[in-house]
Amino acid sequence: MDIITARGLTKDFNHTRAVDNIDFDIKKGECFGFLGPNGAGKTTVMRMLYCVVVPTSGTIKVFGLDIEDNPSIIKSRIGVMPQDDNLDIELSALKNLIVYARYFEIPYRTSRKTAYNLLEYVGLTEKADENIKNLSGGMQRALLLARSLINSPEILILDEPTTGLDPHSRHNVWNKLKDLKEKNTTLILTTHYMEEAERLCDRVAIMDRGRIITIDSPKNLMETHGGNLEYVYLKLTGKRLKGKENGENNLS
Ligand SMILES: Nc1ncnc2c1ncn2[C@@H]1O[C@H](COP(=O)(O)OP(=O)(O)OP(=O)(O)O)[C@@H](O)[C@H]1O
Ligand SMILES: [Mg+2]
């Protein structure tokens, strides 16, 4: 069953066409990745999906509901980990989660309990009362992940969830995401790490300059084009390669 359907989706910012007439469907329970170079339009697509950027044209249906008509219902059932940290630096880690829970009208006592559970889930129990500015960059990313789960979302949107994380923290996030997927949460993510896409994503859309070049499973893409996913990515997004044998990426 498709949980998201986008048709003819386009976004213009002044003179920039950030997203250019794209179509895609995302199935319930799958992990779907958007890949593409800086400026390809990935974040803009994500922001349209979670109803903070209004499309210039085209349609998006989430849970079968049109985003234009039902933004608040859709937002209440989606979790978002944005590309930029937008935590409240005046507040503690715990307070950040509790205040965020108010947007979903979660009662205080419930939100406090959930917040503690989520801090434990991402390994930040000891930092509960610490001010955000005293958390490391990786800890702030972990807190953003915890925050995105406060409303037990059916769809989780993750814009570069592991950028800037050390290898252990990255593996921790991967395990959490696999966990969530097993519980049937639909995951939509962007990443610049091809290993991450290969491990987590059932299907990926490779984007460039606002367009989708292809949508397929990493396995099919690697079989069709030869080489590993990074090779496929570089090939499809226009970098010239030579010596593709054995999946090596020799940029010329
Ligand atoms: N609010 C905005 N106002 C004007 N232009 C914007 C805005 N947001 C994005 N753009 C432009 O839209 C294009 C796509 O940006 P977007 O952030 O979606 O790319 P991205 O694929 O997420 O890139 P990255 O990998 O660097 O995060 C870029 O040319 C960017 O400058
Ligand atoms: Mg982005």
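So, how was this worked out
- Residues numbered from 1 in each chain as written.
- Chains lettered and ligands numbered in written order.
- Predicted model: local features only at pLDDT ≥ 70, side-chain atom pairs only at ≥ 80, totals over all residues.
- Axes fitted to C-alpha atoms, helices over the stretch in contact; angles between N-to-C directions.
- Helix = DSSP H or I, 4+ residues; strand = E, 2+ residues; numbered from the N terminus.
- Parallel < 35°, antiparallel > 145°, perpendicular 65-115°, else oblique.
- Left-handed = near helix turned anticlockwise from the far one by under 90°.
- Contact = placed C-beta atoms within 7 Å.
- Nonpolar A, V, L, I, M, F, W, Y, C, P; charged D, E, K, R; others polar.
- Pairing = 2+ DSSP bridges.

Asker: Any details on the packing of helix α3 (residues 93–102) against helix α4 (residues 108–121)? Residues and values, ideally.
Answerer: It is at 9 Å that the axes of α3 and α4 come closest, and there the two elements cross at 130°. In this view, α3 runs oblique relative to α4, as classed from their interaxial angle. The crossing of α3 and α4 is right-handed. Seen from α3, the contacting residues are Ala93, Leu94, Leu97, Ile98 and Ala101; seen from α4, they are Ser111, Arg112, Thr114, Ala115, Leu118 and Leu119. The residue inventory of the contact of α3 with α4, partitioned by class, reads eight nonpolar, two polar and one charged.

Asker: Before we move on, could you go through the environment of Leu200 and cite the residues and values that matter?
Answerer: Turning to its location among the elements, Leu200 is positioned in helix α7 (residues 194–200). Between the C-alpha atoms of Leu200 and Trp174, which are 26 residues apart in sequence, the distance is 7.4 Å.

Asker: So what's going on with the sheet that holds strand β5 (residues 65–66)? Which residues, and what values?
Answerer: Read from one edge to the other, the open sheet built from four strands follows the order β2-β1-β4-β5, with strand pairing classed as antiparallel. The open sheet is flanked by β2 (16–27) and β5, the only strands paired with a single partner. Looking at chain direction, strand β4 (residues 57–62) and β5 are connected through two bridges and run antiparallel. The residue bridging Lys61 from the neighbouring strand is Asp66, located in β5. Relative to strand β1 (residues 2–13), helix α1 (residues 42–49) is tilted by about 120°, and along the sheet it contacts β1, β2 and β4.

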